[in-house]
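If you want the building blocks of each chain, they are given just below.
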Amino acid sequence: MSRRTRRDNTAAPSGAAGAAARCTVTICRGCCCGTLAEVPRLDHEAQLTDLRTTLSGIATIRRTDCLDACERANVIVIEPSAEGRKVGGRPVWPGQVNDPGAAADIIAWIRDGGPGVAEPPGVLDLYAFQPSRRVRAELHDE
């Protein structure tokens with residue numbers, strides 16, 4: 001996987017407890033995701049801005065260069081909050097999130113608590129996939 005860099009984080013409450021109380025949303029904006037060459041007819045920056053705006057104070061938003069799932073551009077990873085993990089929530093990897101309606105459903109789910117806390121929207125049946133263990137592990141290498 002390509003090296004990832006954290007470019008932006010939504011301001012988190014001070015202290016580790018505040019950050020752990022939220023979902024973390026990682027949005028890929030590397031070589032394929034976030035480019036008109038791979039996904040035409042989508043305003044990629046507007047999608048990222050919408051995520052940041054609607055989830056401000058609700059989730060930590062991270063932008064990364066590559067999640068190594070280029071064939072599924074645009075990829076978003078939703079990691080559960082500490083509360084969600086306690087009740088069995090696991091990271092969810094929606095791919096091909098190129099439809100504003102699908103993105104809105106995913107955002108609403110995150111606002112309701114995300115993995116482990118809220119019932120996932122039906123649209124996730126169409127978009128969610130399981131990346132390899134290597135890719136999942138590399139997302140957590142900091």
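Each chain has its residues counted from 1, following the order in which its sequence is written. In keeping with the predicted nature of the model, local features appear solely for residues at pLDDT of at least 70, side-chain atom pairs appear and are counted solely at 80 or more, and the whole-chain, interface and lining totals rest on all residues. Side-chain numbers here rest on the full set of heavy atoms in the structure, without hydrogens or water.

**Q** Which parts of the structure should I look at to understand the pairing of strand E2 (residues 59-64)?
**A** A 1.4 Å probe rolled over the protein chains alone gives each residue an accessible area, and that area as a share of the maximum for its type sets the label: buried under 20%, exposed over 50%, partly exposed in between. Where helices and strands are cited, they refer to DSSP runs of H or I of at least four residues and of E of at least two residues respectively, numbered from the N terminus. Across the 6 residues that make up E2, a large majority, 6, are buried. Here E2 shows a buried face lined by Ala59, Ile61 and Arg63 and a second buried face lined by Thr60, Arg62 and Thr64. Think of it like this: strands point away, you trace from the first strand over the helix to the second, and a clockwise trace means the crossover is right-handed. Following the chain from strand E1 (residues 23-28) across helix H2 (residues 44-54) to the adjacent parallel E2, one finds a crossover that is right-handed.

**Q** Help me out: how do you make sense of helix H4 (residues 100-111) in this one?
**A** Along an α-helix, residues three or four apart share an orientation, since each turn contains 3.6 residues. A rise of 1.5 Å per residue sets the reference length of H4, with its 12 residues, at 16 Å; its end C-alpha atoms lie 16 Å apart and thus fit the reference within 8%. Any two residues whose heavy atoms approach within 4.5 Å are treated as being in contact. Elements in contact with the buried residues of H4: E1, H2, E2, strand E3 (76-79), strand E4 (93-94) and helix H5 (124-127). Polar contacts, as used here, are pairs of N or O atoms within 3.5 Å; protein pairs need one atom able to donate a hydrogen and one able to accept it. Residues neighboring in sequence count only if both atoms are side-chain atoms. The opening residue of H4 is Asp99, an N-cap whose side-chain oxygen sits 3.0 Å from the backbone nitrogen of Gly101. Trailing H4 by a residue or two, Gly113 shows a phi angle of about 130°, which is positive. The span you would expect from a helix comes to 1.5 Å times its residue count less one.

**Q** Where do I start with the pattern of salt bridges in this structure?
**A** Pairs can form between side chains of opposite charge whenever their charged atoms are close. Take a side-chain nitrogen of Lys or Arg and a carboxyl oxygen of Asp or Glu: if they are within 4 Å of each other, that pair is a salt bridge. Applying the stated criterion across every chain, the model contains 3 salt bridges. With a closest N to O distance of 3.5 Å, Arg62 and Glu79 form a salt bridge. Pair noted here: Arg62 is in strand E2 and Glu79 is in strand E3, with a separation of 17 residues, a long-range link. Pair check on accessibility: Arg62 and Glu79 agree, each one buried. Across the pair Arg134 and Asp68 runs a salt bridge, and its minimum N-O distance is 2.6 Å.

**Q** What am I meant to see in unusual backbone geometry here?
**A** What is expected of a backbone is that most residues other than glycine have negative phi and most peptide bonds are trans. That bond from Ala73 to Asn74 is cis: its omega, 0°, falls within 30 degrees of zero. As for its position among the elements, Asn74 is in the loop between E2 and E3. Positive phi outside glycine occurs at Arg41, with the angle close to 65°. One non-glycine residue, Gln96, lies in the positive phi region at around 55°. Looking at the secondary structure, you find Gln96 in the loop between E4 and H4.

**Q** Looking at this structure, how should I read the environment of Ala108?
**A** Looking at the secondary structure, you find Ala108 in helix H4. For Ala108, a relative accessible area of 37% corresponds to the partly exposed category. Taking the C-alpha atoms as reference, Ala108 lies 8.6 Å from Pro121; in sequence the two are 13 residues apart.

**Q** In this structure, what is going on with the state of the cysteines? I would like to understand it.
**A** Covalent bonding between the sulfur atoms of two cysteines defines a disulfide. Note on terminology: pairs of cysteine sulfur atoms within 2.5 Å are recorded as disulfides. Applying the stated criterion across every chain, the model contains 0 disulfides. No disulfide involves Cys28; its nearest neighbouring cysteine sulfur is the one of Cys33, lying 3.6 Å away.

**Q** Quick question: what am I supposed to make of the packing of aromatic side chains here?
**A** Here a Phe, Tyr or Trp ring, Trp counted by its six-membered ring, pairs with any other such ring whose centre lies within 6.5 Å, and the pair is stacked when the planes are under 30 degrees apart, edge-to-face when over 60, and tilted otherwise. Going through the model one piece at a time under the given rule, you end up with 1 aromatic pair. Aromatic side chains Trp93 and Phe129 sit 6.0 Å apart centroid to centroid with 70° between the ring planes, which places their arrangement in the edge-to-face category. One end of the pair, Trp93, is in strand E4; the other, Phe129, is in strand E5 (residues 128-129), and 36 residues separate them in sequence. Residue classification places Trp93 among the buried residues on the basis of a relative accessible area of 2%.

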